[in-house]
Structures are given as C-alpha cells and as structure tokens.
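# A structural walkthrough
Here is what each chain is made of, one letter per residue.
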Amino acid sequence: MDSKTQGLSKGVAQVVKRLFTDDLFREEALEHPELAFEGYSLDDEERGALRSLVGKLGSRSLFSTWIGPESSWA
C-alpha cells in the first residue's frame, strides 16, 4: 500500500501543517504557491489540490484567528 491510500502524503501533510503554523509561509503560498511548494515532494495532483486550497484563502480565511461579532463562536 502506498502512503496516499492511508491518508495524506508526507509532503502534503508538511505543507498543510506549515499553512496553519507559519504566517510567512502562508503569505508566500498565497502570493506564489508554486514557489512555496517547490521544496516538497508533491505530484501534480497534490500540487493542484494545494493550489486550490490556497486559492480559496482570503483575508477571512480558515486560518484567521480573528473572531468578529458575526461569528457563531463569539
């Protein structure tokens, strides 16, 4: 069994973790995803999925820690 059938590949897991924990990496990924993902072992499908994820990010992304009055968590 390869690692993809068991879950995320090591490269994808590393990128996702950094997106959540490293503000500078997240900013770089938003501006230049291909450059941000350059040092990771990712296949074309993984790169496409990560570009899609990063492309959906905005100022009020799932990575935002700000909780405003319209939030159901406030």
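The model shown is predicted, which means the values in this text are computed figures rather than measured ones. (Residues numbered from 1 in each chain as written. Predicted model: local features only at pLDDT ≥ 70, side-chain atom pairs only at ≥ 80, totals over all residues. Heavy atoms only, no water.)

Judged by nonpolar contacts, Val 12, Val 15, Leu 19, Phe 25, Ala 29, Ala 36, Phe 37, Tyr 40, Leu 42, Leu 50 and Val 54 together constitute the single largest core of eleven residues. For this core, the elements supplying multiple residues, two or more each, are α2 (10-21), α3 (23-31) and α5 (44-55). No other element matches α2, which puts three residues into this core. Residues in contact with Leu 42, not counting those within four places in the same chain, are Gly 11, Val 12, Val 15, Phe 37, Arg 47 and Leu 50. (Core = buried A, V, L, I, M, F, W, Y, C linked by side-chain atoms within 4.5 Å. Buried < 20%, exposed > 50% of the residue type's maximum accessible area, 1.4 Å probe, protein only. Helix = DSSP H or I, 4+ residues; strand = E, 2+ residues; numbered from the N terminus. Contact = heavy atoms within 4.5 Å.)

As for its placement among the helices and strands, Ser 9 is situated in the loop between α1 (3-6) and α2. Judged by its relative accessible area of 9%, Ser 9 falls in the buried class. Here the side chain of Ser 9 touches Val 12 through a polar contact of 3.3 Å, landing on its backbone nitrogen. Side-chain polar atoms of Ser 9 contact the side chain of Glu 46, separated by 2.7 Å. (Polar contact = N/O pair within 3.5 Å; in protein donor to acceptor, adjacent residues only side chain to side chain.)

Let us now look at the packing of α2 against α5. Relative placement of two packed helices is described by the angle separating their axes and the distance separating the axes. Two elements in contact, α2 and α5, have axes separated by 11 Å at closest approach and are oriented at 15°. When the axis of α2 is compared with that of α5, the two are roughly parallel. The handedness of the crossing between α2 and α5 comes out as right-handed. Every residue of α5 that contacts α2 at Val 12, Val 15, Val 16 and Leu 19 is listed here: Glu 46, Leu 50, Leu 53 and Val 54. Residues belonging to the contact of α2 with α5 are distributed by class as follows: seven nonpolar, no polar and one charged. (Axes fitted to C-alpha atoms, helices over the stretch in contact; angles between N-to-C directions. Parallel < 35°, antiparallel > 145°, perpendicular 65-115°, else oblique. Left-handed = near helix turned anticlockwise from the far one by under 90°. Nonpolar A, V, L, I, M, F, W, Y, C, P; charged D, E, K, R; others polar.)

The subject of this paragraph is α2. For α2, with twelve residues, the first-to-last C-alpha span of 16 Å sits near the 16 Å given by 1.5 Å per residue. Considered for burial, the residues of α2 that qualify are Gly 11, Val 12, Val 15 and Leu 19. What you see down the axis of α2 is that its buried residues fit within an arc of 100°, all on one side. Across from the buried face of α2, at angles greater than 90 degrees, the exposed residues are Lys 10, Lys 17 and Thr 21. Each element contacted by the buried residues of α2 is listed here: α3 and α5. (Expected span 1.5 Å × (residues − 1). Arc of directions from axis to C-beta.)

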